[in-house]
Number of protein chains: 2
Amino acid sequence: MASSSSLTLSQALLARAISHHGSNPSSDRVSLSSLTIPSFSGLKSSSSTSSPASRLPRRRTTRRAVRAAAVETLDKTTETSLVEKSINTIRFLAVDAVEKANSGHPGLPMGCAPMGHILYDEVMRYNPKNPYWFNRDRFVLSAGHGCMLQYALLHLAGYDSVKEEDLNQFRQWGSRTPGHPENFETPGIEVTTDSNFVEMFGKFDSCYCLGPLGQGIANAVGLALAEKHLAARYNKPDNEIVDHYTYAILGDGCQMEGISNEVCSLAGHWGLGKLIAFYDDNHISIDGDTEIAFTENVGQRFESLGWHVIWVKNGNTGYDEIRAAIKEAKAVKDKPTLIKVTTTIGFGSPNKANSYSVHGSALGAKEVDATRKNLGWPYEPFHVPEDVKQHWSRHTPDGAALEAEWNAKFAEYEKKYSEEAAELKSIISGELPAGWEKALPTYTPESPADATRNLSQQNLNALAKVLPGLLGGSADLASSNMTLLKMFGDFQKDTPEERNVRFGVREHGMGAICNGIALHCPGLIPYCATFFVFTDYMRAAIRISALCEARVIYVMTHDSIGLGEDGPTHQPIEHLASFRAMPNILMLRPADGNETAGAYKVAILNKKRPSILALSRQKLPQLAGTSIEGVEKGGYIVSDNSSGNKPDVILIGTGSELEIAAKAAEELRKEGKAVRVVSFVSWELFDEQSDAYKESVLPAAVSARVSIEAGSTFGWEKIVGNNGKAIGINRFGASAPAGKIYKEFGLTAEAVIAAAKELL
Amino acid sequence: MASSSSLTLSQALLARAISHHGSNPSSDRVSLSSLTIPSFSGLKSSSSTSSPASRLPRRRTTRRAVRAAAVETLDKTTETSLVEKSINTIRFLAVDAVEKANSGHPGLPMGCAPMGHILYDEVMRYNPKNPYWFNRDRFVLSAGHGCMLQYALLHLAGYDSVKEEDLNQFRQWGSRTPGHPENFETPGIEVTTDSNFVEMFGKFDSCYCLGPLGQGIANAVGLALAEKHLAARYNKPDNEIVDHYTYAILGDGCQMEGISNEVCSLAGHWGLGKLIAFYDDNHISIDGDTEIAFTENVGQRFESLGWHVIWVKNGNTGYDEIRAAIKEAKAVKDKPTLIKVTTTIGFGSPNKANSYSVHGSALGAKEVDATRKNLGWPYEPFHVPEDVKQHWSRHTPDGAALEAEWNAKFAEYEKKYSEEAAELKSIISGELPAGWEKALPTYTPESPADATRNLSQQNLNALAKVLPGLLGGSADLASSNMTLLKMFGDFQKDTPEERNVRFGVREHGMGAICNGIALHCPGLIPYCATFFVFTDYMRAAIRISALCEARVIYVMTHDSIGLGEDGPTHQPIEHLASFRAMPNILMLRPADGNETAGAYKVAILNKKRPSILALSRQKLPQLAGTSIEGVEKGGYIVSDNSSGNKPDVILIGTGSELEIAAKAAEELRKEGKAVRVVSFVSWELFDEQSDAYKESVLPAAVSARVSIEAGSTFGWEKIVGNNGKAIGINRFGASAPAGKIYKEFGLTAEAVIAAAKELL
């Protein structure tokens, strides 16, 4: 982003997003010229005072004035009749869109429209013309199926990403209003590119609503953690530059999922006071009344988790109750708040409200008419009444003013605290500091043998010094996963400025919280850790990382039977294959120190892909021929005594088995064979190389290929070919010392040699 | 089991287990002749009254007498000094075994020895010489890393599976005391067979301790559900033939995992009064004091979930407190009970108790000595003092008497309620009723097109009539997964005899509960359902099904982009590949009615493998050439116009894409090509066929092969070969009507035809 220094930070982010639109004019609706916000320069690295932003008053009173208009209508400055009209507008936008698509979930938007209206119209601070504004309040619709609520709110609020034609295209091919919205880092990207998973989705950077239940509230916890952490690190007594709330709406489904209990237990533990979650208590899930499977006392549970709990008994029309609850929640600063809002699902539908039939299906023309009559709604589908439109229109100037005020504040901050400002700026922008990669440790064959989990810790500690946004931790295995950053303490309720996060034994929540951290701003780089086999506990969160392009680094140790005695429940077998098959994620299995450093380099540089590092428990030698550059290519030649790209046989290994392949090669060479050893650290990266490069590593003419990997051979046919041999493990593991299992399972240099000889 | 009618049911089960030992004499330690239990015949289908069992008094008084000895020492008939000696024996067996292995977890056994002693010596009803006795109390060590506690208890109780030499072999290759124990259906199987994952593990059918945290308490909920269900179906006012408790010990780690909240919410909802869980509240997890990540109020949370909660404040020496808590728990019949027992991890170790260092490492010789001194333990490693041995020895005769009494009771039951007895017997033994498979529906190409999820429901409803042990449900998607058994109501607190289980939105808990149900007795066949993509939420439980050979049927609908509008968060891509790579599980993707019936046949017949059925949301035609028999072979020819096993091209499809392959074949044949269409419904089953059969379906000489499947192509190289072409999806999906996505993604007959022509 060479241009970022001549633009404000907000604009730079927007411009970067827009730069991806080139080849798809239809989605290029946002342009700098169409922005109605003033041209700020608060974030210019020069301290020019003649820029437009500097003309804005910077005193605290201004901020209050802006908030009075945009925010503090909590004091009911709007006529209730207009509020109701706005709420019904939201309801009917949802009803009409689902009806037109003949598919979708009208029930939640109809029931949650009041809280939605109050949040977006009266409470939240955002700038509709710049969804990237750093200090915006975050909103997460954890019950993602109710996304028409969000689309309707964004539409009313003036977001360019949801115009009337987008609502019309709900759930259609290529529309920006898909059935369960996803949040990516760019505002709508072209339909197909080569090496990347991409899709033209709606762009809602100010909101995060994810279909799979429970993920959203976990993301919200991650967002709130990020805010608390950055505020603690960068706020000054005279300048609280990081200061926003995180709101979420979750439903009964989210509450039933175990992940929500995991993350809410952590949120309580961490005292995330600026997290405010609305629980849409509508008593209906897909299979009917929640009575059939969900009779626990949710409020009491949240109290046990350390939350402040408020019950709004009339969520349908009790607007003042909702407003009062939010005020109370904001007043409680040391605990997150759950506002249980009892609503009627499908409110307004005379025959379907309060029934499961309104959850996930269109109402049908007849019931839509009946609902229009019932709520006194004379308008055509998708109509927004003029007074409602007029009322919401203020959010565009107000949002611009909020951002301008903040930019001015940042300019002051920068003047006074230039070092902190530079660091925070890099976190906000995601720009990596120049030369960061020089911090990566390198190794020679003479360096001591070590487990890649230890080498990983060396990398993490080296990188934490140069990457201010790197933070993370383990699911209660820090001392096994080797993930502690030694120069930092624990992120805790009273020490939120620290960077070691203690997730407890909550893998699923850990992954999803990291997604929230990564999505908070481009320069936060969360990592998280457990044993590789326990990716099974967090797979849904990992898939969401891949789907929403969140750069989360998964530090997965104990990556094979090499962990030994803990036995088959702890020994991954199919896991490498299972992630190689997953789109948009890098599965890396480094063999030694250089490859571990290479894996970290790749993980950091892939800003739109999560990475999984599979690391050994056991010691491994530093091999000759490994390199960071090699890792960047995914597969590369580690050693070779052939000429003319015509080895007799190619031996391929990954991770801890590369050593075995190298040993076998040595033996075979002693017998006069021309043997190439290839490290296949990442299949995805190798796939992305040129055909010429691939041919240079795996020449088509050489069909004598043997692979060795302590995992399922599933998929290896692609690499070794029909005539090759894949040595691996296609059964569960065993409990014994590692060396013994390797031998018993036939993962030995002898087996590689024998296989090679059979093919020669 | 032709022989079962001439043996008692218990003996038949033992004999069946033993029959697997033939080729491995060393593990054949259990034999009928060595049994000290009397030879019962209570379960003979003839109503002979002269059998040995009938000689046992059958009056309730006898049962009481037996219980007085085996169970009701809750009234402290044992000297406290002997109790303490027994508890220290347990502690030192654990300490010594971990020390010898130089690996393991001594902390939990040292802290939990008192509750372990009281449970196994004073409370639980079991027969050590027949771990298969149906009516035994079940015990689950959810904190599976503490398995030496269990091994020590089984050893003292007289189980043949844990002799002193087994304790000596803790965590060693081929031992029956692996690092995290697993429970299989047979008592130790030979080391390697061909097509199956097998390992020589300890056999603990009376206990279930599984390493991955949280799984165990979920299994316990499944076991308690099974008991409540069977009791409700079969108990009579004069004969409560099903009547046992389920006990579990869970630790802080289990409590943190979301799955435990899911299943405990259900246990409370279902009112599982005979589930009693001990929470080992020791304040230590691997990373240190639980204060760093776990500060919620667990007792209050369980109250909110509908549990009865008791706190034993002195779990180290408060034996009477523990006893009183168990009495109280048993008195509460409508709620499960959590007994929070505050213990000191590593109790007795003077320098390491109450620290994380005692959790997962050997104490070290010096500290072992210090602990011996501290607890006044003068004995050699692995020594069981004579008076302790003597004290525990009564469990062998008492256990035999308990079983004899129950067998007699069953004989009475059988006389009076022959029909129910026969049904219950089949559930206990796992024998399938003769001709059950005739219930499977069949279809012709003229049968109406239908979604395989609907065809699945036809199968489930047909099978429920002939398989009394079939029960299950969905994670709040019953009406989408089509899993309701129409002739039954809901399994609920007050209707536990019903067979539709409502799991709520709790996929992970659902899978693990089904594991518990499947492990309760061989004739229970649980099924569970959600969208295929949400296997990501329950993958850890599915892997445990595979690992412990639990026949769970996973009914996974909406199995591809074919689900349409719900979009990429709901569209599986990599899931087929990810399960094909997992050991010991069948991944089945049927194409139509006959294949769906075939998939169910296979799933029912594979008693030691779970099955996943991937089913379509969308309608599919009934194809010519599909068959149940074909499915049993995994891959088979659906249509062919070639001769001499030499087609020009082979088109391979699975599930909803088999139709596309068939259409493409029709077109190609019109152009004079010899085209074979192969359905590849299960890779695992095809792999198990003879080479000759494989060659007859996929002749090596025919390299022109095209596969089509709406999922990742990862792994398909194995089937289509280096020269073939795999059509699939290697990116995330999209939100739009299904037909549109298929077309946009190139999953069409035209694409198959084009690929075929390129290869011809």
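Please read all numbers here as calculations on a predicted model, not as lab measurements. (Residues numbered from 1 in each chain as written. Chains lettered and ligands numbered in written order. Predicted model: local features only at pLDDT ≥ 70, side-chain atom pairs only at ≥ 80, totals over all residues. Heavy atoms only, no water.)

### Structural notes on the confidence of the model for chain A
Then step 1. Per-chain confidence: chain A averages 87 in pLDDT, with 86% of residues scoring 70 or above.
Then step 2. Within the model, the stretch residues 184–210 of chain A combines pLDDT values under 50 with 117 contacts to residues more than four positions away or in other chains. (pLDDT = per-residue confidence, 0-100. Contact = heavy atoms within 4.5 Å.)

### Topic: the pattern of salt bridges
All names here are of chain B.
Then step 1. As enumerated under the stated definition, the model contains 64 salt bridges over all chains in all.
Then step 2. Note that aspartate 160 is salt-bridged to lysine 163, the shortest N-O span being 3.3 Å.
Then step 3. A residue is classified by how much of its surface remains accessible, and lysine 163, at 33% relative accessible area, is partly exposed.
Then step 4. Between lysine 757 and glutamate 671 there is a salt bridge, and its shortest N-O distance comes to 3.0 Å. With lysine 757 in helix α29 (residues 749–759) and glutamate 671 in the loop between α24 (658–670) and β20 (675–679), the pair connects residues that are 86 residues apart, well separated along the chain.
Then step 5. Assessed through its relative accessible area of 40%, lysine 757 is described here as partly exposed. (Salt bridge = Lys/Arg side-chain N within 4 Å of Asp/Glu carboxyl O. Buried < 20%, exposed > 50% of the residue type's maximum accessible area, 1.4 Å probe, protein only. Helix = DSSP H or I, 4+ residues; strand = E, 2+ residues; numbered from the N terminus.)

### Let's talk about the interface of chain B and chain A
Then step 1. Facing 103 residues of chain B, the contacting portion of chain A comprises 103 residues.
Then step 2. Both faces combined, the contact of chain B with chain A buries some 8,500 Å², and carbon together with sulfur accounts for 57% of it.
Then step 3. On the chain B side of the contact with chain A, Trp173, Phe714 and Phe732 of chain B bury the most area, a combined 10% of that side's loss.
Then step 4. At the junction of chain B and chain A, the tally comes to six salt bridges.
Then step 5. Across the pair aspartate 287 of chain A and arginine 502 of chain B runs a salt bridge, and its minimum N-O distance is 3.5 Å.
Then step 6. Our count for the chain B to chain A interface comes out at 43 residue pairs in polar contact (both at pLDDT 80 or more).
Then step 7. In terms of residue class, the side of chain B that touches chain A is made up of 41 nonpolar, 35 polar and 27 charged. (Buried area = accessible area lost by both parts, 1.4 Å probe. Polar contact = N/O pair within 3.5 Å; in protein donor to acceptor, adjacent residues only side chain to side chain. Nonpolar A, V, L, I, M, F, W, Y, C, P; charged D, E, K, R; others polar.)

### Some words on the pairing of strand β8 (residues 337–342) of chain B
All names here are of chain B.
Then step 1. β8 sits mainly inside the fold: six of its six residues count as buried.
Then step 2. Burial of the side chains of β8 extends over both faces: Thr337, Ile339 and Val341 are buried on one face and Leu338, Lys340 and Thr342 on the other.
Then step 3. In this sheet, β8 lies alongside strand β4 (residues 275–281) in parallel orientation, the contact comprising six bridges. Note that in β8 the partner of phenylalanine 278 across the bridge is isoleucine 339.
Then step 4. As judged from the five bridges shared by strand β7 (residues 308–312) and β8, these two strands associate in the parallel manner. Pairing of tryptophan 311 across the sheet is with lysine 340, part of β8. (Pairing = 2+ DSSP bridges.)

### Brief notes about the packing of helix α4 (residues 80–101) of chain B against helix α14 (residues 386–393) of chain B
All names here are of chain B.
Then step 1. Close contact between α4 and α14 brings their axes to 10 Å; oriented N to C, the two are set at 100°. What the angle tells us is that α4 and α14 run roughly perpendicular. Where α4 abuts α14, its residues Leu82, Lys85, Ser86 and Thr89 lie against Asp387, Val388, His391 and Trp392.
Then step 2. For the contact of α4 with α14, the class distribution of residues is three nonpolar, three polar and two charged. (Axes fitted to C-alpha atoms, helices over the stretch in contact; angles between N-to-C directions. Parallel < 35°, antiparallel > 145°, perpendicular 65-115°, else oblique.)

### Thoughts on the sheet that holds strand β20 (residues 675–679) of chain A
Residues and elements named next belong to chain A.
Then step 1. The mixed open sheet is built from five strands, whose spatial order is β18-β20-β19-β21-β22. Each edge of the open sheet carries a strand with a single partner, namely β18 (636–640) and β22 (725–727). Strand-to-strand twist in this sheet, taken as the mean axis angle between neighbours without regard to direction, amounts to 20°.
Then step 2. Two strands pair when backbone bridges link them, and strand β19 (residues 649–653) and strand β21 (residues 705–708) are joined in this way by four bridges, in the parallel orientation. By the bridge assignment, leucine 651 is partnered in β21 with valine 706.
Then step 3. Against the sheet, helix α24 (residues 658–670) touches β18, β19, β20 and β21, its axis set at about 175° to β20.

### Thoughts on the sheet that holds strand β18 (residues 636–640) of chain B
Residue and element names in this part refer to chain B.
Then step 1. On the basis of which strands lie adjacent, the open sheet formed by five strands has the order β18-β20-β19-β21-β22 and mixed pairing. Both edges of this open sheet fall to β18 and β22 (725–727), since each of them pairs with a single strand only. The sheet shows a mean angle of 20° between the axes of neighbouring strands, taken without regard to direction.
Then step 2. Relative to β20, strand β19 (residues 649–653) runs parallel, the two sharing five bridges. Along β20, the bridge assignment pairs isoleucine 652 with valine 678.
Then step 3. Packed onto the sheet, α24 meets β18, β19, β20 and β21 (705–708) and runs at close to 175° relative to β20.
Then step 4. Across the sheet, α29 lies against β19, β21 and β22, angled at about 160° from β21, the strand it touches most.

### A few points about unusual backbone geometry
Then step 1. Unlike most non-glycine residues, histidine 283 of chain A shows phi in positive territory, near 65°.
Then step 2. The topology assignment puts histidine 283 of chain A in the loop between β4 (275–281) and β5 (284–285).
Then step 3. The backbone of histidine 558 of chain B shows a phi angle near 55°, a positive value even though the residue is not glycine.
Then step 4. Locating histidine 558 of chain B in the fold gives a position in the loop between β14 (553–557) and α21 (575–580).
Then step 5. The exposure class assigned to histidine 558 of chain B is buried, which follows from its relative accessible area of 4%.

### Structural notes on the UniProt feature "binding site: Mg(2+)" (unreviewed entry) in chain A
Residues and elements named next belong to chain A.
Then step 1. Mapped onto this numbering, the UniProt entry annotates "binding site: Mg(2+)" (unreviewed entry) at Asp252, Asn282 and Ile284. In summary, the annotated positions, though distributed over 33 residues, converge in three dimensions, the widest C-alpha pair being only 7.7 Å.
Then step 2. Tracing the backbone through its elements, the reader meets aspartate 252 in helix α9 (residues 252–256).
Then step 3. For aspartate 252, a relative accessible area of 5% corresponds to the buried category.
Then step 4. Those residues in contact with aspartate 252 that lie beyond four places of it in its chain are Tyr279, Asp280, Asp281, Asn282, His283, Ile284, Thr290 and Phe294.
Then step 5. Following the sequence through the fold, asparagine 282 ends up in the loop between β4 and β5.
Then step 6. Here asparagine 282 falls in the buried class, since its relative accessible area comes to 6%.
Then step 7. Asparagine 282 has contacts with Asp252, Thr343, Ile345 and Asn354, leaving out every residue within four places of it along the chain.
Then step 8. Polar side-chain contacts of asparagine 282 include one of 3.1 Å to the side chain of aspartate 280. (UniProt positions renumbered as here; feature names shortened; annotations may be inferred.)

### Things to note about the packing of helix α4 (residues 80–101) of chain A against helix α5 (residues 107–123) of chain A
The axes of two packed helices give the description: the angle between them and the distance between them.
Residues and elements named next belong to chain A.
Then step 1. α5 packs onto α4 with a crossing angle of 125° between their chain directions and a minimal axis gap of 9 Å. Judged by the angle between their axes, α4 and α5 are oblique. Like other packed secondary-structure pairs, α4 and α5 cross with a definite hand, here right-handed. In this structure, α4 uses Val83, Ser86, Ile87, Ile90, Arg91, Ala94 and Val95 to contact α5, whose residues at the interface are Pro109, Met110, Ala113, Pro114, His117 and Glu122.
Then step 2. Split into classes, the residues belonging to the contact of α4 with α5 amount to nine nonpolar, two polar and two charged. (Left-handed = near helix turned anticlockwise from the far one by under 90°.)

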